[in-house]
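Breakdown of the fold
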Amino acid sequence: MTGEIRRMERQCCRLLLIGLCVASASAASAETIGWWHFDEQGPGGKTTGAAGEIVNSASSEYGAGKVFSADSTGAVGTDANYYPVYTDIQKDANRPLMIYDPVTGETHVNRSSLTFVKDGTASANNGGGVDIPNDARFRISTYTVELFFKSTDSTFETIAPIVGKCYSSFNSGKESWQIGLLTNGKLFLRYNQEASSTSGAGKAQVNDGLWHHLALVCSYDGGTDVSTFKLYVDGNPTPDITKTKAGTTIHATQFGDIYLGAYGTKTGRKLAGTVDEL
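Residues numbered from 1 in each chain as written. Predicted model: local features only at pLDDT ≥ 70, side-chain atom pairs only at ≥ 80, totals over all residues. Heavy atoms only, no water.

1. Section: the pattern of salt bridges
Condition: Salt bridges are defined by distance alone: a side-chain nitrogen of Lys or Arg within 4 Å of a carboxyl oxygen of Asp or Glu. Only DSSP runs of H or I with at least four residues qualify as helices, and only runs of E with at least two residues qualify as strands; both kinds are numbered from the N terminus onward.
For the coordinates displayed, the defined rule picks out one salt bridge. Residue Asp153 is joined to Lys118 by a salt bridge in which the shortest nitrogen-to-oxygen separation is 2.9 Å. Taken together, the positions of Asp153 in the loop between strand S10 (143–150) and strand S11 (159–166) and Lys118 in the loop between strand S8 (112–116) and strand S9 (127–132) put the pair 35 residues apart, joining distant regions of the chain.

Dropping the structure here:
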């Protein structure tokens, strides 16, 4: 087992909750409302673009995202060459990476990860992604989003989306929030509040081809109407990015999809990389 997988294994063991976790003002503790393992097929399996392809194991009531392929004509789902594919995460068959689920108390083998592919040019017009349809449980202003990510990508237009939430419709061209990769290999965080936005760049180099654990924590203070956003990398207690913004109650009422790897048909912003355990 390589060093990067050992590090990923240690990080999995340290996590209290892996997934999209939320805590409302009236809730005493966090609830895991989304957890996508990307284990629907084993390594080498190909996605099909069908609805229900990506299963949310945290809830039997809310199940499914679908993969898509976006091309330069502004169409979604038209080119199977760019659908995400399942790739092997195991480096040692005799010691597979295990994931502990604190919700069920069960442990399972991490079969595979999901890798996004694109056309390889700087404009990156063609590429694949995942769309997780909007749900009322995503309309929250205090939450944590965690996932594992790796990439060596730097050939795209300004920002390659890793994970984010749409401002309204999937192809609206505006993010509610987004974690992205910059061409210099650093992370990028942006939040939109109606007509204004706040953004920041990180310090950690993450396009080194190694697994990195990303954790975005958003906490909303109703007394001051201010949200604080902190993006943590690899368990470092010091945030890689910290931003604050007033008036961000819109995140509690907004109805938008969660996306990974590409933001609809947005030209030039497609990721070549791998994600796991969102």
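What follows continues from the structure just given.
2. Notes on unusual backbone geometry
Negative phi is the rule for most residues except glycine; trans is the rule for most peptide bonds. Under the convention used in this document: Whether a residue is buried, partly exposed or exposed follows from its accessible area with a 1.4 Å probe, protein chains only, as a fraction of its type maximum: under 20%, in between, or over 50%, in that order.
In this structure, Asp225 takes a positive phi of about 55° despite not being glycine. Among the secondary structure elements, Asp225 is positioned in the loop between strand S15 (212–221) and strand S16 (226–233). Notably, Asp234 is not glycine yet its phi reads approximately 55°, a positive angle. Along the chain, the position of Asp234 falls in the loop between S16 and strand S17 (241–246). Since its relative accessible area comes to 23%, Asp234 is described here as partly exposed.

3. Re the nonpolar core
Note that soluble globular proteins tend to have their nonpolar side chains buried in a common cluster. For the record, the criterion: Think of a nonpolar core as a cluster: buried Ala, Val, Leu, Ile, Met, Phe, Trp, Tyr and Cys residues, connected wherever their side-chain atoms sit within 4.5 Å. We call two residues contacting when some pair of their heavy atoms lies within 4.5 Å.
Residues Phe38, Ile162, Ile179, Leu187, Leu260, Val275 and Leu278 are the most contacted members of the largest nonpolar core, which totals 40 residues. Here the element with the most residues in this core is S10; it accounts for four residues. Other than its neighbours up to four places away in sequence, Ile162 contacts Leu147, Phe149, Ile179, Gly180, Leu181, Leu187, Leu214, Tyr259, Leu260, Gly261, Leu271 and Val275.

4. Quick look at the environment of Ser151
Note the threshold: Between N or O atoms, a polar contact is any pair within 3.5 Å; within protein, one atom must be a potential hydrogen donor and the other a potential acceptor, and residues adjacent in sequence are included only when both atoms are from side chains.
Counting through the fold element by element, Ser151 comes out in the loop between S10 and S11. Classification of Ser151 as buried rests on a relative accessible area of 4%. A C-alpha to C-alpha distance of 4.9 Å links Ser151 and Gly209, two positions 58 residues apart in sequence. A distance of 2.9 Å separates a polar side-chain atom of Ser151 from the backbone nitrogen of Asp153. There is a polar contact of 2.7 Å between the side chain of Ser151 and the backbone oxygen of Ala272.

5. Observations concerning the confidence of the model for the protein chain
Selection rule: What pLDDT conveys is the predictor's confidence in a given residue, as a value from 0 to 100.
Scored by pLDDT, the protein chain comes out at a mean of 77, with 73% of its residues at no less than 70. Per-residue pLDDT, averaged within each element of the protein chain, yields its smallest value for strand S1 (residues 20–22) (42) and its largest for strand S19 (residues 273–276) (94). Scored below 50 in pLDDT, residues 12–29 makes 46 contacts in the model with residues more than four places away or belonging to other chains.

6. Focus: the side chain of His212
Mapped onto the fold, His212 is located in strand S15. Of the residues examined, His212 reaches a relative accessible area of 4% and is grouped as buried. Side chain to side chain, His212 and Asp208 meet in a polar contact 2.8 Å long.

7. Digging into the environment of Asp88
Its place among the elements puts Asp88 in strand S5 (residues 85–88). Overall, Asp88 belongs to the partly exposed group, its relative accessible area being 42%. The sequence separation of Asp88 and Pro43 amounts to 45 residues, and the corresponding C-alpha distance is 4.6 Å. Beyond its immediate stretch of four places on either side in the chain, Asp88 contacts Pro43 and Arg111.

8. Here we look at the packing of aromatic side chains
Note the threshold: The aromatic pairing rule takes the rings of Phe, Tyr and Trp, using the six-membered ring of Trp, and pairs them if the centres are within 6.5 Å, calling planes under 30 degrees apart stacked, those over 60 edge-to-face and the rest tilted.
Under the counting rule described, the total for this entry stands at two aromatic pairs. For the pair Tyr191 and Phe229, a centre-to-centre distance of 3.5 Å together with 15° between the ring planes defines the contact as stacked. Here the residue Tyr191 occupies a position in strand S13 (residues 187–193), and Phe229 occupies one in strand S16, the gap between them amounting to 38 residues. For the residue pair Tyr191 and Phe229, the accessibility class agrees, reading buried in each case.

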